[in-house]
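# Coordinate analysis (summary)
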Amino acid sequence: MANADLPTVRRLEAAGFRAWPAEKVSYDGTWSVRTTPGLPTRRSNSVTPLDRSDCDGLEGRLPALRARFAAAGFPVTFRITPLTGPRLVDQLDERGWPVITPSLVMRAELGAMPDTGAEAEMVSPSAFCRAGISIGAIDAARATPLEALLARVPAKLGLFVLSIDGRPAAKAMCTVDGTLAGIYEVATAPAFRGQGLARKVVSAALGFAGANGARAGFLMVDESNAPAIALYRYFGFSTAYPYEYRAEPEANI
């Protein structure tokens with residue numbers, strides 16, 4: 001991670017924060033502490049160090065973090081990016097915090113995106129959440145806090161659902177923050193996979209991005225999700241940097 005372009009990492013991490021705004025945000029030194037009770041995603045409930053030199057005092061900082069995350073219903077979780085100092089990673093290793101979901105941030109210039117003749121419909125946050133439940137990508141208990149999160153997004157927001165015979169089949173979310181677009185929440189219903197629907201709904205999201213002034217895009221994907229990575233490479237995305245999560249084991253608390 002140390003070889004990543006740190007200014008690019010900072011820009012994309014900041015854009016990701018704005019595109020996916022947590023309910024509660026505070027800072028412990030240069031650690032961004034984000035929690036969202038009721039929304040069980042690590043993106044919404046994690047500590048992101050923003051300065052590689054801010055690695056000291058973990059043991060003394062943990063009690064306040066534990067209280068904050070316990071109130072939200074989650075263990076303390078760090079988002080490890082190239083902005084995280086190696087000494088902090090070493091301390092998490094020593095304490096037995098396991099690596100969770102090794103992932104990639106991918107980036108692309110949006111000058112000439114392939115045209116797939118997308119047929120996706122732009123919908124409201126409530127309709128997007130209902131479609132996600134139908135597709136099987138959003139748990140019903142997660143829908144209300146996710147809809148609340150979408151209402152907090154300060155950027156231009158495009159929510160897309162592609163339906164087959166009136167049934168939601170695929171979905172994607174796009175935010176446009178200045179000239180930078182983020183792609184999130186891409187999913188296809190199991191019954192409709194293998195038909196190119198994810199390509200169509202992502203194409204619709206990228207079309208929205210370009211129409212609203214975006215010149216570059218970024219997204220996050222599990223590094224083991226080969227089909228998704230292949231899809232994004234089709235649109236010209238390439239790896240900008242890796243990241244992972246580290247959650248405190250219950251035995252340490």
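Below is a short write-up of the structure. (Residues numbered from 1 in each chain as written. Predicted model: local features only at pLDDT ≥ 70, side-chain atom pairs only at ≥ 80, totals over all residues. Heavy atoms only, no water.)

Let us look at the environment of L157. With respect to the element layout, L157 can be found in strand β7 (residues 156–164). A relative accessible area of 22% means that L157 is categorised as partly exposed. Filtering out sequence-adjacent residues up to four positions away, L157 remains in contact with M122, L150, M173, C174, T175 and F208. (Helix = DSSP H or I, 4+ residues; strand = E, 2+ residues; numbered from the N terminus. Buried < 20%, exposed > 50% of the residue type's maximum accessible area, 1.4 Å probe, protein only. Contact = heavy atoms within 4.5 Å.)

Let's shift gears to the nonpolar core. For soluble globular proteins, the rule of thumb is that nonpolar side chains tend to be buried together. One finds M106, C174, V221, Y232 and F237 to be the most contacted residues of the largest nonpolar core, which totals 36 residues. Residue assignment for this core shows that the elements contributing at least two residues are β5 (99–109), β7, β8 (167–177), β9 (180–188), α6 (197–211), β10 (216–222) and α7 (226–234). Considering every element that reaches this core, the biggest residue donor is α6, with nine residues. In contact with F237, not counting residues within four places along its chain, are M106, R107, A108, L206, G217, F218, L219 and Y232. Core analysis: the next-biggest nonpolar cluster, separate from the first, contains 34 residues, A127, L150, V161 and A247 among them. (Core = buried A, V, L, I, M, F, W, Y, C linked by side-chain atoms within 4.5 Å.)

You can see T77 is positioned in strand β4 (residues 77–80). A residue is classified by how much of its surface remains accessible, and T77, at 5% relative accessible area, is buried. Only 3.1 Å separates the side chain of T77 from the backbone oxygen of P75, close enough to count as a polar contact. Setting aside its immediate chain neighbours within four residues, T77 contacts R42, N45, S46, V47, F69, Y245, R246 and A247. (Polar contact = N/O pair within 3.5 Å; in protein donor to acceptor, adjacent residues only side chain to side chain.)

Turning our eyes to something else, we now look at the side chain of E13. Structurally, the position occupied by E13 is in helix α1 (residues 6–19). At 2.9 Å, the side chain of E13 and the side chain of R79 are in polar contact. Sequence-distant contacts of E13, defined by excluding residues within four places in its chain, comprise T48, R79, T81, L83, V105 and Y241.

The next subject is helix α5 (residues 140–152). Listed as buried for α5 are R142, A143, P145, L146, L149 and L150. The inward-facing, buried residues of α5 contact α4 (125–135), β7, β8 and β9. Sitting at the head of α5, D139 places a side-chain oxygen 2.8 Å from the backbone nitrogen of A141.

Here the structure, examined in full by the defined rule, presents eight aromatic pairs. Each ring, one from F160 and one from F208, has its centre 5.8 Å from the other, and the planes form 65°; the classification is edge-to-face. One end of the pair, F160, is in strand β7; the other, F208, is in helix α6, and 48 residues separate them in sequence. Comparing F160 with F208 shows no difference in burial state: the two are buried. A cation over a ring is seen here: R61 above W31, with NZ or CZ 3.5 Å from the ring centre. Lying across the ring of Y234, R199 places its NZ or CZ 3.7 Å from the centre. (Phe/Tyr/Trp six-rings, centres within 6.5 Å; stacked < 30°, edge-to-face > 60°. Lys NZ or Arg CZ within 6 Å of the ring centre and 35° of its normal.)

Attention shifts here to the pairing of β9. Most of β9 is tucked away: eight of the nine residues are buried. As consecutive antiparallel partners, β8 and β9 are separated by two residues, and within that stretch G178 has a phi angle of approximately 70°, a positive value. One crossover worth recording links β9 to the parallel β10 by way of α6, and it is right-handed. (Pairing = 2+ DSSP bridges. Right-handed = clockwise from strand over helix to strand, strands pointing away.)

A few words on the pairing of strand β11 (residues 238–247). Strand direction decides the pairing type here: β4 and β11, joined by four bridges, are antiparallel. Among the inter-strand pairings, R79 is bridged to a residue of β11, identified as Y245. Note: β5 against β11, seven bridges, orientation antiparallel. Paired with R107 across the two strands is S238, which belongs to β11.

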